[in-house]
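A closer look at the structure
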Amino acid sequence: MHYQTESWGSYLPTRSVGDPLERIERLASENAVVIFSISTCCMCHAIKRLFCGMGVNPTVYELDEDPRGKEMEKALMRLLGSSSAVPVVFIGGKLVGAMDRVMASHINGTLVPLLKDAGALWL
């Protein structure tokens, strides 16, 4: 699992500083599997363990460790139409959703093909 621990500001072009949704979309498209998380969230931990257990190496952005994490959290809540912002999973740059959507995809067998199509899983 790859954790993004440095301030995201050093990775961002100046033009994307103002719009948290634009920033989310850009970060989500940079890796095959991206998880927006909070380090103390048990559901976030469970989703990270699920992917690691499947042999996937997700990129994890811990929102509570970023100075603009609260803005990103609010943008994720708007994107999901939910009062809970994390965990949020993107596969192949596309929004899969929160824990319920990821688990439903895993149970109904559609998660593995998504991961293969994104190049996150080879078997």
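About the cut-offs
- Residues numbered from 1 in each chain as written.
- Predicted model: local features only at pLDDT ≥ 70, side-chain atom pairs only at ≥ 80, totals over all residues.
- Heavy atoms only, no water.
- Helix = DSSP H or I, 4+ residues; strand = E, 2+ residues; numbered from the N terminus.
- Buried < 20%, exposed > 50% of the residue type's maximum accessible area, 1.4 Å probe, protein only.
- Contact = heavy atoms within 4.5 Å.
- Axes fitted to C-alpha atoms, helices over the stretch in contact; angles between N-to-C directions.
- Parallel < 35°, antiparallel > 145°, perpendicular 65-115°, else oblique.
- Nonpolar A, V, L, I, M, F, W, Y, C, P; charged D, E, K, R; others polar.
- Salt bridge = Lys/Arg side-chain N within 4 Å of Asp/Glu carboxyl O.

- By the naming in an unreviewed UniProt entry, the protein is Glutaredoxin domain-containing protein, taken from Vitis rotundifolia.

Thoughts on the overall build of the protein
- In terms of regular secondary structure, the protein is built from five helices and five strands.
- Seen in sequence order, the protein has helices and strands lined up from the N terminus as β-α-β-α-β-α-β-β-α-α.
- Counting across all 123 residues of the protein, residues that qualify as buried make up 44%.
- Intrachain contacts of the protein at a sequence separation of at least 6 include 64% that bridge at least 24 residues.

Re the packing of helix 1 (residues 20-29) against helix 3 (residues 69-80)
- Running from N to C, helix 1 and helix 3 point in directions that differ by 85°, and their axes come no closer than 9 Å. Considering the angle they form, helix 1 stands roughly perpendicular to helix 3. Contacts between helix 1 and helix 3 involve Pro20, Leu21, Arg23, Ile24 and Leu27 from the former and Glu71, Met72, Ala75, Leu76 and Leu79 from the latter.
- Across the contact of helix 1 with helix 3, the residue classes tally to eight nonpolar, no polar and two charged.

Quick notes on the pattern of salt bridges
- In this structure the tally under the stated criterion is four salt bridges.
- Notably, a salt bridge pairs Arg23 with Asp66, separated by 3.2 Å at the nearest N-O pair. Residue Arg23 is located in helix 1, and its partner Asp66 is located in the loop between strand 3 (59-62) and helix 3; the two are separated by 43 residues in the primary sequence. Each member of the pair, Arg23 as well as Asp66, carries the same accessibility label: buried.
- Among the ionic pairs, Lys48 bridges to Glu62, the shortest N-O distance being 2.8 Å. Here Lys48 is found in helix 2 (residues 42-53), whereas its partner Glu62 is found in strand 3, with 14 residues between them in sequence. Like Glu62, Lys48 is buried.

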